[in-house]
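A closer look at the structure
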Amino acid sequence: MYRIWYTTHVAKKPEPARRGVSQLPPPDDTQGKRVPVIFYRTEAHGEPVREWLKGLSADDRKRIGEDIKTVEFGWPIGMPVCKPLSDGIYEVRTNLNQNRIARVLFYLDKKSRMVLLHAFIKKTQKTPDEDLALAKSNKRKHQRGLQ
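A brief structural summary. Fair warning: this is a prediction, and the values are worked out from it, not measured in the lab. (Residues numbered from 1 in each chain as written. Predicted model: local features only at pLDDT ≥ 70, side-chain atom pairs only at ≥ 80, totals over all residues. Heavy atoms only, no water.)

For the rest of this paragraph, the subject is the overall build of the protein chain. A count of helices and strands for the protein chain gives four helices and five strands. Each helix and strand of the protein chain, placed in order from N terminus to C terminus, yields the pattern α-β-α-α-β-β-β-β-α. Out of the 147 residues in the protein chain, the part that is buried amounts to 31%. Sequence-distant contacts, at least 24 apart, represent 50% of the contacts inside the protein chain between residues at least 6 apart. (Helix = DSSP H or I, 4+ residues; strand = E, 2+ residues; numbered from the N terminus. Buried < 20%, exposed > 50% of the residue type's maximum accessible area, 1.4 Å probe, protein only. Contact = heavy atoms within 4.5 Å.)

This is how it looks when you write it as structure tokens:
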């Protein structure tokens, strides 16, 4: 039974090559990512998360980038890397050197992209209300721009 299923569903014969047409699949912009990442862009064309990342050390940027990549390729993913906050906003959690904790807040837009809204170094146990409010504001602005 398995052999019949495999033969009819998986082991299909390739189509004969046509002159000048490549047999490679079309290029994929997401490169295997479940949710590609984009940076939230302000009306003045600034990208707050990208600018924040540029201000960090190379080691910190690398650690944060690895955690974002983990979410990109592994979505949906939970603790300890990713945690839902409220109103469709999630945080990527990264432990840095010197007992510092970085948070990158994001949401998934209607095009299934991970939109990085806001980032900060966490200094308290709870996510500060002003940081969450800023992420929510950026989310609303981004959604208005998509329509």
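A separate point is helix 3 (residues 58–74). With 17 residues, helix 3 ought to run about 24 Å at 1.5 Å a step, and its terminal C-alpha atoms sit 24 Å apart, in line with that. Turning to helix 3, its buried residues number three or more, namely Asp60, Ile64, Asp67, Ile68, Val71 and Glu72. Along the axis of helix 3, the buried positions cluster into a sector of 145 degrees, meaning they face one direction only. Every exposed residue of helix 3 that faces more than 90 degrees away from the buried side is listed here: Ala58 and Lys62. Tucked inside the fold, the buried residues of helix 3 contact strand 1 (37–39), helix 2 (48–54), strand 2 (82–86), strand 3 (89–96), strand 4 (100–108) and strand 5 (114–122). (Expected span 1.5 Å × (residues − 1). Arc of directions from axis to C-beta.)

Further remarks concern the pairing of strand 3. Looking at chain direction, strand 2 and strand 3 are connected through four bridges and run antiparallel. The partner of Lys83 across the bridge, within strand 3, is Glu91. Pairing analysis gives eight bridges linking strand 3 to strand 4, with the strands arranged antiparallel. In the sheet register, Ile89 faces strand 4, and the bridge partner there is Tyr107. In this antiparallel pair of consecutive strands, strand 3 and strand 4, the connection spans three residues, and Gln98 shows a positive phi of 60 degrees. (Pairing = 2+ DSSP bridges.)

A few words now on unusual backbone geometry. For the bond from Trp75 to Pro76, the omega torsion is -5 degrees, close enough to zero to count as cis. By the secondary structure assignment, Pro76 is in the loop between helix 3 and strand 2. In this structure, the amide linkage connecting Met79 to the following residue, Pro80, adopts the cis form with an omega of 5 degrees. If you trace the backbone, Pro80 turns up in the loop between helix 3 and strand 2. A positive phi is found at Asn99, a non-glycine position, where the angle reads about 55 degrees. Within the secondary structure layout, Asn99 lies in the loop between strand 3 and strand 4. Assessed through its relative accessible area of 80%, Asn99 is described here as exposed. For Ser112, which is not glycine, the phi torsion reads 60 degrees and is therefore positive. Assignment of secondary structure puts Ser112 in the loop between strand 4 and strand 5.

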